[in-house]
Amino acid sequence: MPSTIAVLDFGSQLTQVIARRIRECQVYSKIYHYSTPAAKLRADGVVGIILSGGPQSVYAKQAPHPDPEIFKLGVPMLGICYGVQLMGYFLDGVVEHSKAREYGHGVLTVKKAGRLFAGLPKKIRVWNSHGDKLTKLPPGFRAIGTTDNSPFAAIEDLQRSFYGIQFHPEVFHTERGVDMIRNFLLGVCGVKQEWTTRDFIAQAVEKIRDQVGSGRVLLGLSGGVDSSVAAALLHKAIGKQLTCVFVDNGLLRKGERAAVEKLYGDHFQIDLRVVDASKLFLRRLKGVTEPEQKRKIIGRTFVEVFEQSLKSIKGRAQFLGQGTLYPDVIESVSIGGNPASLIKTHHNVGGLPERMKLKLVEPLRELFKDEVRRVGEALGLPREVVWRQPFPGPGLGVRVMGDITAEKLEILRNADYVLQEEMLASGYYYKVWQSFCVFLPVRTVGVFGDERTYDYVIAMRIVESTDAMTADWAKLPHELLQKISGRITNEVRGVGRVVYDVSSKPPATIEWE
Ligand code: XMP
């Protein structure tokens, strides 16, 4: 087992981001509840402690406080934001309560590089978000960095190897923040960089086996990255105790179901059940044009079909596997903003685990998307799965405008297939965020050979984005657009015209619905 760094969680939204940065440094860490007894940390062989930030004031009635004994463990410590205030509070400094929060960019002036700022510039842009402030150093400490607002923005106690920083090194907005964390881990705690994706997988496999025992796990496969990686990981851990269910809702892309059957059924030899519910979905969607209503019908029908299929599987399952990631927090986390606006709601089977008395197995819960992709690669999933573009849960249901029919879906599928082929062949598939076709129920006049035609319109939507919150249309080479459009109008019956969507988000969304 590699050396463990303990991250004590005082309720910051960023605790998982700290853990992620530690993983980036290839060091093993574990998140602990803030009240974890020092004896437990000692028993776990913890070689360094990071105190996370937190939304409270150290003086608040409900303020989370650690076991005071942790300061006597004799292991290095790094307090971040609320963490440094705790150091001030518990180690006889003075922390002043202020009503106004210091929030946003500041410039740190490094007074003493020492071990924490080794190799870093003298001036560093840092990100602040705190209310209380350390105003008198605890005995044994000295200031090693200042900002305009604080003479004690970074402090150190060399004897005890205690460090405190008022700003957030874990966020993207702090320049060289990860270098500070690495300096703490390697330079101060003296750990080795020996925690890799393979180690993560080995540990996850062990945890899954511990949790599941000889029980049975069911997992809904969507074909997307998260559920695919979860399936591969669960399969590695428990083999035949895993059953995957794939619902064909009739709103899939061309060849999608066959690809899932080939990869999971044939290649991985997973016990895969494919439920063809396409007729039911299309029947319920008949004549429905309103986007929200379509979504509701698709969502409700999915849960119903999924639940039904689980009941029909012989042998009672006790667990439901899910590819939940650390709530899709976006890369550039903004602190103090409305968390709900940062976190994409997960597309899951609401209420199902409770109704069916299933316990959740979520082996990817602590990971971020790019980490999940690395796990997928290490598990041998093919590139087109690991680097697949996002695809909405309601599938082509949000890409056929107006009412949905089998004929329109077929046209859309064929057009979209051409688009994907050309995007893959040109290599642009992996360079853009999403590329897809939308079916427009509008007929326009054209000529094909000697004949006058009256056919539908296909819109191409190809966007660049980093988090789907904002997006811009991709400026692809005209020759590529020309080739796709030419192939669609020539090869796909029923399409007479192709248009390119040149709207950004906002104000437009990525999907048309
Ligand atoms: P919009 O259209 O809101 O889409 O700009 C943002 C991103 O979310 C995807 N999307 C969905 N993903 N279930 C999903 O899993 C859904 O219902 C859903 N709707 C939109 C969309 O493809 C884009 O990447």
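Residues numbered from 1 in each chain as written. Predicted model: local features only at pLDDT ≥ 70, side-chain atom pairs only at ≥ 80, totals over all residues. Heavy atoms only, no water.

**Brief notes about the site of the ligand**
- Around the ligand, a shell composed of 13 residues is seen, among which Arg 295, Gln 434, Lys 505, Ile 510 and Glu 511 lie nearest.
- Between an oxygen atom of the ligand and a side-chain N or O atom of Gln 434, the distance comes to 2.8 Å.
- Here an oxygen atom of the ligand and a backbone polar atom of Ile 510 are 2.7 Å apart.
- Compared with its free state, where it exposes 500 Å², the ligand has 76% of that area covered by protein.
- Considered class by class, the residues forming the shell around the ligand number six nonpolar, four polar and three charged. (Near = heavy atom within 4 Å. Polar contact = N/O pair within 3.5 Å; in protein donor to acceptor, adjacent residues only side chain to side chain. Areas by Shrake-Rupley, 256 points an atom, 1.4 Å probe, with all protein chains shown as cover. Nonpolar A, V, L, I, M, F, W, Y, C, P; charged D, E, K, R; others polar.)

**Some points on the layout of surface pockets**
- There is about 680 Å³ of room inside the second largest pocket.
- Surrounding the second largest pocket, 22 residues form its lining, Gly 255, Glu 256, Ala 259, Glu 384 and Arg 388 being those nearest its centre.
- Both of domain 2 (197-386) and domain 3 (399-500) provide at least three residues apiece to the lining of the second largest pocket. (1 Å grid on protein atoms, 1.4 Å probe; cavity = no way out; pocket = protein on both sides within 12 Å on 5 of 7 lines; lining within 4 Å. Points joined across faces, edges and corners; volume = space filled by probe spheres on them. Domains from an automatic or database assignment.)

**What about the packing of aromatic side chains?**
- Summed over all chains, the structure comprises 13 aromatic pairs.
- Ring geometry for Tyr 264 and Phe 268: centres 6.3 Å apart, planes at 20 degrees, overall stacked.
- Taken together, a centroid distance of 4.8 Å and an interplanar angle of 55 degrees make the contact between Phe 439 and Tyr 456 tilted. A residue pair is termed long-range when its members are at least 10 positions apart, and Phe 439 in strand S17 (residues 434-448) and Tyr 456 in strand S18 (residues 451-464) qualify at 17 residues. (Phe/Tyr/Trp six-rings, centres within 6.5 Å; stacked < 30°, edge-to-face > 60°. Helix = DSSP H or I, 4+ residues; strand = E, 2+ residues; numbered from the N terminus.)

**Side note on the nonpolar core**
- Counting 48 residues, the largest nonpolar core has Leu 310, Met 423, Ile 462, Leu 476 and Ile 488 as its most contacted members.
- Secondary structure elements with two or more residues in this core: strand S13 (242-248), helix H8 (278-285), helix H9 (291-312), helix H14 (406-426), S17, S18, helix H15 (478-491) and strand S20 (495-500).
- Counting residues per element, this core draws most heavily on H14, at seven residues.
- A domain split of this core shows at least three residues from each of domain 2 (197-386) and domain 3 (399-500).
- In this structure, Leu 310 is in contact with Leu 218, Val 245, Leu 320, Leu 352, Met 356 and Leu 358, ignoring residues within four places of it in sequence.
- Membership of the second largest hydrophobic core comes to 41 residues, among which are Leu 242, Tyr 264, Leu 272 and Phe 319. (Core = buried A, V, L, I, M, F, W, Y, C linked by side-chain atoms within 4.5 Å. Buried < 20%, exposed > 50% of the residue type's maximum accessible area, 1.4 Å probe, protein only. Contact = heavy atoms within 4.5 Å.)

**A look at the domain arrangement of the protein chain**
- What the domain assignment reports for the protein chain is domain 1 (4-188), domain 2 (197-386) and domain 3 (399-500).
- One C-alpha centre belongs to domain 1, the other to domain 2, and the line joining them spans 37 Å.

**Some details on the pattern of salt bridges**
- Per the stated rule, a full pass over the model turns up 32 salt bridges.
- A salt bridge links Asp 44 to Lys 30; its shortest N-O distance comes to 4.0 Å. Taken together, the residues span a long stretch of sequence, with Asp 44 in the loop between helix H2 (38-43) and strand S3 (46-51) and Lys 30 in strand S2 (residues 28-33) at a distance of 14 residues.
- Taking the relative accessible area as the measure of exposure, Asp 44 reaches 26% and is therefore partly exposed.
- Between Arg 487 and Glu 422 there is a salt bridge; the shortest N-O distance is 2.7 Å. In this pair, Arg 487 is assigned in helix H15 and Glu 422 in helix H14, connecting sequence segments 65 residues apart. For the pair shown, Arg 487 and Glu 422 are each scored as buried.
- If you follow the salt bridges from partner to partner, you end up with Arg 20, Arg 21, Glu 24, Asp 370 and Arg 374 in one network. (Salt bridge = Lys/Arg side-chain N within 4 Å of Asp/Glu carboxyl O.)

**Section: the packing of helix H1 (residues 15-24) against helix H4 (residues 177-188)**
- Viewed as axis vectors pointing N to C, H1 and H4 meet at an angle of 70 degrees, and their least axial separation amounts to 10 Å. It follows that H1 is roughly perpendicular to H4 by the angle criterion. Where H1 crosses over H4, the handedness of that crossing is right-handed. Residues Arg 21, Ile 22 and Glu 24 of H1 pack against Val 178, Ile 181 and Leu 185 of H4.
- Considering only residue class, the contact of H1 with H4 consists of four nonpolar, no polar and two charged. (Axes fitted to C-alpha atoms, helices over the stretch in contact; angles between N-to-C directions. Parallel < 35°, antiparallel > 145°, perpendicular 65-115°, else oblique. Left-handed = near helix turned anticlockwise from the far one by under 90°.)

**Notes on the confidence of the model for the protein chain**
- Looking at the protein chain as a whole, the pLDDT averages 92, with 95% of positions reaching at least 70.
- Below a pLDDT of 50 lies the segment residues 328-347, which in the model reaches 39 contacts outside its immediate sequence neighbourhood of four places, other chains included. (pLDDT = per-residue confidence, 0-100.)

**Examining unusual backbone geometry**
- The amide bond that connects Lys 505 to the next residue, Pro 506, takes the cis arrangement and shows omega of -15 degrees.
- Tracing the chain through its elements places Pro 506 in the segment after S20.
- One non-glycine residue, Asp 92, lies in positive phi territory at about 70 degrees.
- By secondary structure assignment, the location of Asp 92 is in the loop between helix H3 (82-90) and strand S5 (94-96).
- Positioned with a positive phi, Ala 468 is a non-glycine residue whose angle comes to about 70 degrees.

**A closer look at the sheet that holds strand S9 (residues 142-147)**
- Taking strand neighbours across the sheet as the criterion, the nine strands line up as S2-S1-S3-S4-S11-S10-S9-S6-S7 in an open arrangement whose pairing is mixed. Here the strands that pair on one side only, and so sit at the sheet edges, are S2 and strand S7 (123-130). Mean inter-strand twist for the sheet, computed between neighbouring axes without regard to direction, equals 30 degrees.
- As judged from the four bridges shared by strand S4 (residues 77-80) and strand S11 (residues 162-165), these two strands associate in the parallel manner. Bridge pairing links Met 77 to Phe 162 in S11. (Pairing = 2+ DSSP bridges.)

**Some details on the sheet that holds strand S12 (residues 217-221)**
- Reading across from one edge, S14-S13-S12-S15-S16 is the order of the five strands in this open sheet, with parallel pairing throughout. Two strands close off the open sheet at either side, each with one partner strand: strand S14 (271-276) and strand S16 (359-361). Shown here is a sheet whose adjacent strand axes are inclined to one another by a mean of 30 degrees, direction ignored.
- Judged from the six bridges that link them, S13 and S14 form a sheet pairing that is parallel. Counterpart to Cys 244 in the pairing with S14 is Leu 272.
- Running at roughly 140 degrees to S13, H9 makes contact with S12, S13, S14 and strand S15 (319-321) of the sheet.

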